[in-house]
Each structure stands twice: as structure tokens, then as C-alpha cells.
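These are the residues of each chain, in order.
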Amino acid sequence: MSQSRPPDDKVKELAKKKARRQSQRTQLDAQIATLDARRRLSQKKNEDRLKWLLGTLVFDNLSAEPALQSIVRRDLPERLTQRDRDRGLWQILFPDAQEDRS
């Protein structure tokens, strides 16, 4: 006659396996979340770098490109905060002009 384990022992063993699997699933979820956060951070850094490069390019070529000046004069005033105005950022870009807030 073969001896089998009592049903309570089987239930306990299965409960332990289930708990281990749940723990592993939780660990995998945490690893996925960490990798996703790293990916989003890397993407944000790349976007910030592109914005800085484009901003530098615009700033460096502003005085030589009338079309670029026109875009900046048209669109920048609505993006300036009161703090930007108080710091005189518009006057730095266009020393001889008043900011057009229309």
C-alpha cells in the first residue's frame, strides 16, 4: 500500500507554492515598473536635450534670420511668465523693441 500525504499537508504545500509564485510575480511587476520608469526618464532626458539644442540653435541664429525673429516676436510673448518679464528676458533678445503682447 502506498502512503500518501494527508490532505492538509498537500494543501499547505500548494499554499506555499502559490505564495512563492505570488512573490515572484510581485518581484517581476516591480522590475517591470523600474525598467519602465528608467525608459521614461531616458526619453524625457532625450527630449530635454533636443529642446535645449533647438533652443540654442534658435538663439544663436536669431539675429541673422528675419523669419526666425518674426516667429519669436509673434509666439514668445504668450509663453513668458511675469517672472520672465521682470528679469528682462524680452529685452535681452530684442534690446531696442517693446514686447508685443497682442
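In what follows, the structure referred to is the one given above.
Novice: In this structure, what is going on with the pattern of salt bridges? I would like to understand it.
Specialist: Oppositely charged side chains are able to pair whenever their charged atoms sit close together. Evaluated as defined, the whole model comprises five salt bridges. In this structure, Arg39 engages Asp36 in a salt bridge whose closest nitrogen and oxygen atoms are separated by 2.6 Å. With Arg39 and Asp36 both in helix 1 (residues 7–61), this residue pair falls three residues apart, about one helical turn. Here Arg39 falls in the partly exposed class, since its relative accessible area comes to 45%. Among the ionic pairs, Lys44 bridges to Asp48, the shortest N-O distance being 3.0 Å. One end of the pair is Lys44 and the other is Asp48, both in helix 1 and four residues apart, which spans about a single turn. Of the residues examined, Lys44 reaches a relative accessible area of 46% and is grouped as partly exposed. Classification of Asp48 by relative accessible area gives partly exposed; the value is 35%.

Novice: Got a minute to help me understand the side chain of Asp84 in this structure?
Specialist: Inspection of the secondary structure assignment puts Asp84 in helix 3 (residues 82–87). This buried residue, Asp84, is left without a salt bridge; Arg87 holds the nearest opposite charge, at 4.4 Å. In terms of polar contacts, Asp84 uses its side chain to reach the backbone amide nitrogen of Thr81, at 2.9 Å.

Novice: Honestly, the environment of Ala97 in this entry has me stumped. Any pointers?
Specialist: When you line up the elements, Ala97 lands in the segment after helix 4 (89–93). It is 9.8 Å that separates the C-alpha atoms of Ala97 and Arg73, two residues lying 24 residues apart in sequence. Setting aside chain neighbours within four positions, we find Ala97 in contact with Arg73 and Trp90.

Novice: I would appreciate a short explanation of the packing of aromatic side chains in the present structure.
Specialist: Aromatic ring pairs are defined here through the distance separating the ring centres and the angle between the ring planes. Within the structure shown, the criterion is met by one aromatic pair. Aromatic side chains Trp90 and Phe94 sit 4.9 Å apart centroid to centroid with 50° between the ring planes, which places their arrangement in the tilted category. Accessibility expressed as a relative area gives 2% for Trp90, which makes it buried. Across from the ring centre of Phe94, 3.9 Å away, lies the NZ or CZ of Arg73, which sits over that ring.

Basis of the calculations
Residues numbered from 1 in each chain as written. Predicted model: local features only at pLDDT ≥ 70, side-chain atom pairs only at ≥ 80, totals over all residues. Heavy atoms only, no water. Salt bridge = Lys/Arg side-chain N within 4 Å of Asp/Glu carboxyl O. Helix = DSSP H or I, 4+ residues; strand = E, 2+ residues; numbered from the N terminus. Buried < 20%, exposed > 50% of the residue type's maximum accessible area, 1.4 Å probe, protein only. Lys, Arg positive; Asp, Glu negative; His and termini not counted. Polar contact = N/O pair within 3.5 Å; in protein donor to acceptor, adjacent residues only side chain to side chain. Contact = heavy atoms within 4.5 Å. Phe/Tyr/Trp six-rings, centres within 6.5 Å; stacked < 30°, edge-to-face > 60°. Lys NZ or Arg CZ within 6 Å of the ring centre and 35° of its normal.

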